[in-house]
Amino acid sequence: LSYFFTRPVQHNLTSEWDFVYNKAHNEFINTPANSGYIGITLYTVMLLTMASIAAYLFYTTKSGTRSHLALLVFSTLAGLSVSNFFGFSTSTTQLFLYLFPILLLIYMKEPISKTIAKPGVLAIFCYIVFLVFAGNYLIDYAAADLDYAKGKGYKNSEAIAPAYTHTALALLRRREPVYLDQQAYLSAQLSLYYQSVKDLKNRSLYAQQAIQMNKETLSSSPLSLTYWRSKGRIYYVLSLAYVADKPKQSQEYLRQSRQAFKKAEEIAPTDPKNYLSHALVLS
């Protein structure tokens, strides 16, 4: 998302000009972009610490399994760091990056005895409780995403009512900004629908809901290009919902739509879609 501020205008000449990129093509840039200075510092310290331990064990243990494992870990860390510097990490590379140092640390521990200690009842109970809560959290998250995806599918096919219902179910499970963003636009569309059937009470209800949800998404991510574009579309739809009987309010919504696209132009000054949307609203 931070890429849009510095996106070169030449990017518009590529076949992927309209893509949203999920990662920087350098893990040592991607890490601070997501986790800040603290994140990249800890990440670097972890790599150096594990590499130092592996190198120390290799030179102090000239032969045997431990020496081979230490050499494997050091080579893995070095190789993956080079790979991650010239590209982004994948599930496989991250698995190796964290798994092999853990194996080395486990192997460093000498067994105290050959007898395996049995876990206590309290430990087993705490572990089961943790699994139940963690499992419920993951299942709830997955179910919310499935409802959101169904809602998005209905939205793309312009079936507003079922799209709204499924997105509402997702929001009951998790109040994610991306869910709110979709529901805000659907609420604006419902406001326009209720205008067409002369139900002014529901028109106002869904209009206020759209405005409130959009405010919430922008408060969580005030520099999100996506949410500012959404605001432009939402307020444009609301202007249509009020143009027949409340022209002044319609004009105010239209003004806010223009302001939203103007803000999008400031966030992504080289993205032509912002200017096109702004021009359409002006026309």
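In this report, we go over the structure that sits alongside the text. (Residues numbered from 1 in each chain as written. Predicted model: local features only at pLDDT ≥ 70, side-chain atom pairs only at ≥ 80, totals over all residues. Heavy atoms only, no water.)

1. Considerations on the side chain of Ser67
Right, so step 1: With respect to the secondary-structure elements, Ser67 resides in helix H2 (residues 65-85).
Right, so step 2: Dropping the residues within four chain positions of it, Ser67 is found in contact with Phe58, Thr61 and Lys62. (Helix = DSSP H or I, 4+ residues; strand = E, 2+ residues; numbered from the N terminus. Contact = heavy atoms within 4.5 Å.)

2. Describing the nonpolar core
Right, so step 1: One finds Tyr179, Ala188, Ile234, Leu238 and Tyr253 to be the most contacted residues of the largest nonpolar core, which totals 19 residues.
Right, so step 2: When contributions to this core are tallied by element, the ones reaching two or more residues are helix H4 (121-156), helix H5 (160-173), helix H6 (177-196), helix H7 (200-220) and helix H8 (225-242).
Right, so step 3: The leading source of residues in this core is H8, at six residues.
Right, so step 4: Discounting residues that sit within four places of it in the chain, Tyr179 has contacts with Tyr141, Ala144, Asp145, Tyr148, Thr167, Ala170, Leu171 and Arg174.
Right, so step 5: Leu47, Met50, Val73 and Leu80 belong to the second largest nonpolar core, which has 15 residues in total. (Core = buried A, V, L, I, M, F, W, Y, C linked by side-chain atoms within 4.5 Å. Buried < 20%, exposed > 50% of the residue type's maximum accessible area, 1.4 Å probe, protein only.)

3. Considerations on the pattern of salt bridges
Right, so step 1: For the structure on display, the rule yields eight salt bridges.
Right, so step 2: We note a salt bridge from Asp18 to Lys273, for which the minimum N-O separation is 3.3 Å. With Asp18 in the segment before helix H1 (27-60) and Lys273 in helix H10 (residues 272-282), this residue pair connects regions lying 255 residues apart in the sequence.
Right, so step 3: Take Asp18: its relative accessible area is 38%, and that puts it in the partly exposed class.
Right, so step 4: Notably, a salt bridge pairs Asp147 with Arg173, separated by 3.9 Å at the nearest N-O pair. One end of the pair, Asp147, is in helix H4; the other, Arg173, is in helix H5, and 26 residues separate them in sequence.
Right, so step 5: For Asp147, a relative accessible area of 12% gives the class buried.
Right, so step 6: Through salt bridges that share partners, Asp140, Asp147 and Arg173 make up one connected network. (Salt bridge = Lys/Arg side-chain N within 4 Å of Asp/Glu carboxyl O.)

4. Observations regarding the packing of H1 against H2
Helices that pack against each other are described as a pair by the angle of their axes relative to one another and the distance between those axes.
Right, so step 1: In the contact formed by H1 and H2, the axes pass within 9 Å of each other and the chain directions differ by 155 degrees. Judged by the inter-axis angle, H1 sits roughly antiparallel to H2. As for how H1 packs across H2, the hand of that crossing is left-handed. Along the contact surface, H1 presents Glu27, Phe28, Tyr43, Leu47, Met50, Ala51, Ala54, Ala55, Leu57 and Phe58, while H2 presents Arg66, Ser67, Ala70, Leu71, Val73, Phe74, Leu77, Ser81, Asn84 and Phe85.
Right, so step 2: Of the residues that constitute the contact of H1 with H2, the class distribution is 15 nonpolar, three polar and two charged. (Axes fitted to C-alpha atoms, helices over the stretch in contact; angles between N-to-C directions. Parallel < 35°, antiparallel > 145°, perpendicular 65-115°, else oblique. Left-handed = near helix turned anticlockwise from the far one by under 90°. Nonpolar A, V, L, I, M, F, W, Y, C, P; charged D, E, K, R; others polar.)

These values are about where atoms sit, not about what they do.
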